[in-house]
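Tertiary structure, described
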Amino acid sequence: MKDLLTYIVQSLVDHPDEVSVTERKADGEIVYEVRVADGDMGKVIGRQGRIVKQIRILMRAVAQRKGKKISVEIMD
């Protein structure tokens with residue numbers, strides 16, 4: 001799932017080599033922390049958070065099929 005999230009985010013940004021996705025476990029779920037270049041933050045979040053919301057929905061759907069709980073956080 002980490003590879004899928006990395007691929008999606010790298011496809012959206014201008015500097016795909018600066019995309020970093022880290023995984024940690026918290027409260028029985030997997031948390032993915034996404035870091036991008038400063039100029040690419042808006043491309044990942046989108047207007048009114050629409051893009052990041054759709055990324056979260058997609059990743060939760062994939063995780064649910066595998067019987068896991070995840071969340072995606074965009075880090076500054």
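Here the structure is shown first, and the text comes after it.
1. Points about the pairing of strand 2 (residues 29-35)
Look at any regular strand and the pattern is simple: side chains alternate between the two faces of the sheet. Of all the seven residues making up strand 2, five are buried; the element is thus mostly covered by neighbouring parts of the structure. When strand 1 (residues 20-26) meets strand 2, the two strands line up antiparallel, connected through seven bridges. Its bridge partner being in strand 2, R24 is matched across the sheet by V31. The hairpin formed by strand 1 and strand 2 contains two residues between the paired strands, and D27 there has a positive phi angle of roughly 55°. Here strand 2 runs beside strand 3 (residues 70-74); their pairing, made up of five bridges, is parallel. By the bridge assignment, V31 is partnered in strand 3 with S71.

2. Comments concerning a negative patch on the surface
A cluster of like negative charges, contributed by D17, E18, D38 and D76, occupies part of the molecular surface. Considering the arrangement of structural elements, one finds D17 in the loop between helix 1 (2-12) and strand 1. For D17, a relative accessible area of 65% gives the class exposed.

3. Section: the pattern of salt bridges
Applying the stated rule across the entire model yields four salt bridges. A salt bridge links D14 to K43; the shortest N-O distance between them is 2.8 Å. Highlighted residues: D14 in the loop between helix 1 and strand 1 and K43 in helix 2 (residues 41-45), separated in sequence by 29 residues. Since its relative accessible area comes to 33%, K43 is described here as partly exposed. Linking E33 and R24 is a salt bridge whose minimum nitrogen-to-oxygen distance equals 2.6 Å.

4. What about helix 3 (residues 50-65)?
With 16 residues, helix 3 extends 23 Å between its outermost C-alpha atoms, agreeing within 8% with the 22 Å of an ideal straight helix rising 1.5 Å per residue. Every buried residue of helix 3 is accounted for by V52, I55, M59 and A63. The buried residues of helix 3 occupy an angular sector of 65° when the element is viewed end-on, so they sit on one face. Facing away from the buried surface of helix 3 by more than 90 degrees, the exposed residues are R50, K53, Q64 and R65. Count one or two residues on from helix 3 and you reach G67, which has phi positive near 75°.

The rules we used
- Residues numbered from 1 in each chain as written.
- Predicted model: local features only at pLDDT ≥ 70, side-chain atom pairs only at ≥ 80, totals over all residues.
- Heavy atoms only, no water.
- Buried < 20%, exposed > 50% of the residue type's maximum accessible area, 1.4 Å probe, protein only.
- Helix = DSSP H or I, 4+ residues; strand = E, 2+ residues; numbered from the N terminus.
- Pairing = 2+ DSSP bridges.
- Patch = residues over 30% accessible without salt bridge, like charges linked within 9 Å, V, L, I, M, F, W, Y side chains within 5 Å.
- Areas by Shrake-Rupley, 256 points an atom, 1.4 Å probe, with all protein chains shown as cover.
- Salt bridge = Lys/Arg side-chain N within 4 Å of Asp/Glu carboxyl O.
- Lys, Arg positive; Asp, Glu negative; His and termini not counted.
- Charge placed at Lys NZ, Arg CZ, Asp CG, Glu CD.
- Expected span 1.5 Å × (residues − 1).
- Arc of directions from axis to C-beta.

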